[in-house]
Amino acid sequence: MISSRSFGSTAQGEAVTRFRLQNAQGAYADILTFGATIQSFCMAGLDGRLLDVALGYDDVAGYEAGDAYLGAALGRYANRLCGASYVIDGETAAVSANEGGHTCLHGGFLGFHKHVWQADIQGDTLLLTRLSPHGEEGFTGDLSVQIAYTLTDDNALRIRYRAETTAPTVVNLSNHCYFNLNGQGRGDILGQVAQIMAEGYTETVPPMRTTGRILPLNATALDFATPKPFGRDIADPLLASTRGYDHNFVLRGAGLRRAAAVWCPQTGLALTLHTDAPGMQLYTANFLSATGKGGAAYGTHSAFCLEAQNFPDAPNHPAFPPAILRPGEVYQTETVYTLALAKEFPG
């Protein structure tokens, strides 16, 4: 079932709508037309209390002023384009350098997260669309984008991305939902237990510059092959420059497959990520400082993000998965976040 209500207006007077996707079990996800944002994701814990596990804001003004991408759709290129540029067919496109004056992060100053999307309900699916015009943040081509949200009766929030372009461009779409399985605003996530099905990670050097090398995970703080709490190795010297996890994992396998899982012993809630993307950025809110829903204080390590996507800076590294979209081609990818109750880490 999908219902809707007004969520106010932007500073420019654009109306924003909140859509609630609710299933037969009573779980629900709230999606905003502003930024195609996941505002809430709620399910009952072991004690029967309904828990909202997604960080967010209570009003549009919070999202307009916020710089942490809480729950937002990311594009045109999620993660980083180093040098704030890419080359296609010998032509260099300079894009917004919104991080440090040398990197394009999550699509630029006014990426997909700062725009109001058009909405359409198609059965049990909410379809959000927008046209990103040629030259927006410096990107080439008119890009038509669709994001489809569906909440199933087994508590799976399914996100399907689709894009087409009028000129060669780069595309990498994702979502930046911040999760805390103890409930949003209820402490840190250092005791929550994670597993990641990965075979390596893409190396970065300060300041978050991708080198193009893929490094092994074995015997490092980035090894989540065996489930472990986020906090076990978060102070490791390997993570010092990022103050925690902010790394792209090279996922095992191909097609829609289980890529990661996180479990909270206190609430019994488990979140499983399935995706067909080649990579996943794990971020543990290392620099987060905000006041969120209900006045909740969001601080360092108060949430984790599982951002399924292509590799950072892929257009500038030929050995990475392709990130160029041409006219006549269709970009498609899928991410599924599933909530469940578990008395131990789900196998």
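Everything in this summary refers to the structure shown in the same document. If you're wondering where the values come from, they're calculated on a predicted model, not measured in any experiment. (Residues numbered from 1 in each chain as written. Predicted model: local features only at pLDDT ≥ 70, side-chain atom pairs only at ≥ 80, totals over all residues. Heavy atoms only, no water.)

Quick word on the pattern of salt bridges
Summed over the entire model, instances satisfying the criterion amount to 11 salt bridges. Between Asp30 and Arg18 there is a salt bridge, and its shortest N-O distance comes to 3.6 Å. With a gap of 12 residues between them, Asp30 in strand 3 (residues 28-32) and Arg18 in strand 2 (residues 15-22) connect regions that are remote in the sequence. Accessibility expressed as a relative area gives 2% for Asp30, which makes it buried. Judged by its relative accessible area of 14%, Arg18 is buried. Across the salt bridge formed by Glu99 and Arg80, the nearest N and O atoms sit 2.8 Å from each other. (Salt bridge = Lys/Arg side-chain N within 4 Å of Asp/Glu carboxyl O. Helix = DSSP H or I, 4+ residues; strand = E, 2+ residues; numbered from the N terminus. Buried < 20%, exposed > 50% of the residue type's maximum accessible area, 1.4 Å probe, protein only.)

Quick word on the environment of Ala260
Relative to the elements of secondary structure, Ala260 occurs in strand 22 (residues 257-263). Taking relative accessible area as the criterion, Ala260 reaches 1% and is therefore assigned buried. As for Ala260 and Met197, which are separated by 63 residues in sequence, their C-alpha atoms are 6.0 Å apart.

A look at the packing of aromatic side chains
One pass over the structure, following the stated rule, counts 11 aromatic pairs. Considering the side-chain rings of Tyr57 and Tyr63, the 5.0 Å spacing of their centres and the 90° angle between planes classify their relative orientation as edge-to-face. A relative accessible area of 10% means that Tyr57 is categorised as buried. According to the relative accessible area criterion, Tyr63 is buried, its value standing at 6%. Ring pairs connect the aromatic residues Phe179, Phe224, Phe230, Tyr245, Phe249, Phe304 and Tyr337, which therefore count as one cluster. (Phe/Tyr/Trp six-rings, centres within 6.5 Å; stacked < 30°, edge-to-face > 60°.)

Considering the sheet that holds strand 20 (residues 228-229)
The strand order across the open sheet formed by nine strands is 11-12-13-14-29-23-22-17-20, and the pairing between neighbours is antiparallel. Edge positions in the open sheet fall to strand 11 (118-122) and strand 20, since each of these has one partner strand only. As paired strands, strand 23 (residues 269-275) and strand 29 (residues 331-341) are joined by seven bridges and run antiparallel to one another. For Leu273, the partnering residue across the bridge sits in strand 29 and is Tyr337. (Pairing = 2+ DSSP bridges.)

Brief notes about the pairing of strand 13 (residues 143-151)
Looking down a regular strand, the side chains alternate between one sheet face and the other. The buried fraction of strand 13 amounts to seven of the nine residues, a majority that puts the element mostly inside the structure. In terms of strand pairing, strand 12 (residues 125-132) meets strand 13 through eight bridges, oriented antiparallel. Among the inter-strand pairings, Leu128 is bridged to a residue of strand 13, identified as Ile147. In this structure, strand 13 lies alongside strand 14 (residues 156-165), joined through nine bridges in antiparallel fashion.

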